[in-house]
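Observations on the model geometry
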Amino acid sequence: MTAPEVAPLALDASAQQVLAALKRLESPADRAGMARFGIAVERALGISVATLRRLGRRLKGRHGLALELWDSGIHEARILATIIGDPGKLDQATAARWVGEVDSWDLCDQLCMGLVRRCDFAWDAAFLWCLDERVFVKRAGFALIATLAVHDKAASEARFRSCLKEIERAAGDERNFVKKAVNWALRQIGKRSKALHDAALELAGRLAAREDAAARWIGRNVLRELESQKVLARLA
């Protein structure tokens, strides 16, 4: 995607002003590029996340604005909402509503990585969403686990071992967006510590031996990555 010049927004910019700024950045060519990466573009303008981050730099913490931007339904406005939203003000009910409205993998991942993982209910949400059968809600549960495995330095090993049970339960889901998130979660847990690396490898071995194609794919993919010299050297 191109990186257009982004004029800074006023600190007190309204939702209407932000949406107008997004509209000025609309790029049909970049929207077509998004579609090639499997991103839903029915309500998209074609603006990169890097550009949205620059646009939202001065708006961080304006949670009321984030709520309005999300409710606009515009893809990039919703991503911007995850960038500027306040994790201390986002309640679990609103987060559940938002994730239920997600219609694309990139928005799902941005919501988890940019906002929900910093909320005090992140772990509760992860376990709840893993059990949900809606494709992007379930993806969000495992995307959260993957993200927390990287960023939540205080989380106990026991908590991640509980995640392995959810991963094994969901590994047979053939839906591409779910399968890739389950794979992502298992890989990140396996990189967290030597003990969790061993536990993740054991699970990956079981998955690789299963008859269902999704589980086999996850298991083989995780085994290949976690047995790489790069990962082994980091955990030595």
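In what follows, the structure referred to is the one given above.
Residues numbered from 1 in each chain as written. Predicted model: local features only at pLDDT ≥ 70, side-chain atom pairs only at ≥ 80, totals over all residues. Heavy atoms only, no water.

1. Some details on the overall build of the protein chain
Within the protein chain one finds 14 helices and zero strands. The order of α-helices and β-strands along the protein chain, N terminus first, is α-α-α-α-α-α-α-α-α-α-α-α-α-α. Relative to the 2.2 N^0.38 estimate, which gives 18 Å for 236 residues, the radius of gyration of the protein chain is 19 Å and therefore close to what a compact globule would have. With respect to the three principal axes, the spread of C-alpha positions in the protein chain is 55 × 35 × 35 Å. (Helix = DSSP H or I, 4+ residues; strand = E, 2+ residues; numbered from the N terminus. Rg over C-alpha atoms; globule rule 2.2 N^0.38 Å.)

2. Observations concerning the nonpolar core
Counting residues in hydrophobic clusters, the biggest one holds 81 residues, and the most contacted among them are Leu69, Trp129, Phe142, Ile167, Leu186 and Ile189. At ten residues, helix α9 (residues 135-151) tops the list of elements feeding residues into this core. (Core = buried A, V, L, I, M, F, W, Y, C linked by side-chain atoms within 4.5 Å. Buried < 20%, exposed > 50% of the residue type's maximum accessible area, 1.4 Å probe, protein only.)

3. Observations regarding the packing of helix α6 (residues 92-101) against helix α8 (residues 122-130)
α8 packs onto α6 with a crossing angle of 40 degrees between their chain directions and a minimal axis gap of 11 Å. Pair α6 / α8 crosses with right-handed handedness. Touching Gln92, Ala95, Ala96 and Val99 of α6 are Asp124, Ala125, Leu128 and Trp129, all from α8. (Axes fitted to C-alpha atoms, helices over the stretch in contact; angles between N-to-C directions. Left-handed = near helix turned anticlockwise from the far one by under 90°. Contact = heavy atoms within 4.5 Å.)

4. Notes on helix α5 (residues 75-84)
Across the ten residues that make up α5, a large majority, ten, are buried. Listed in full, the buried residues belonging to α5 are His75, Glu76, Ala77, Arg78, Ile79, Leu80, Ala81, Thr82, Ile83 and Ile84.

5. With respect to the packing of aromatic side chains
Scanning all chains against the criterion turns up four aromatic pairs. Among the aromatic residues, those joined into a cluster by ring pairs are Trp123, Phe127 and Phe160. The ring of Trp217 has Lys179 lying over it, and the distance from NZ or CZ to the ring centre is 4.9 Å. (Phe/Tyr/Trp six-rings, centres within 6.5 Å; stacked < 30°, edge-to-face > 60°. Lys NZ or Arg CZ within 6 Å of the ring centre and 35° of its normal.)

6. Here's the deal with the packing of helix α10 (residues 157-170) against helix α11 (residues 176-190)
One way to put it is that α10 packs onto α11 with a least axis distance of 10 Å and a crossing angle of 150 degrees. If you check the angle between α10 and α11, you find them roughly antiparallel. Two packed elements cross with a definite hand, and for α10 against α11 that hand is left-handed. Between α10 and α11, the contacting residues are Phe160, Cys163, Leu164, Ile167 and Ala170 on the first element and Val182, Ala185, Leu186 and Ile189 on the second. Class assignment for the residues of the contact of α10 with α11 results in nine nonpolar, no polar and no charged. (Parallel < 35°, antiparallel > 145°, perpendicular 65-115°, else oblique. Nonpolar A, V, L, I, M, F, W, Y, C, P; charged D, E, K, R; others polar.)

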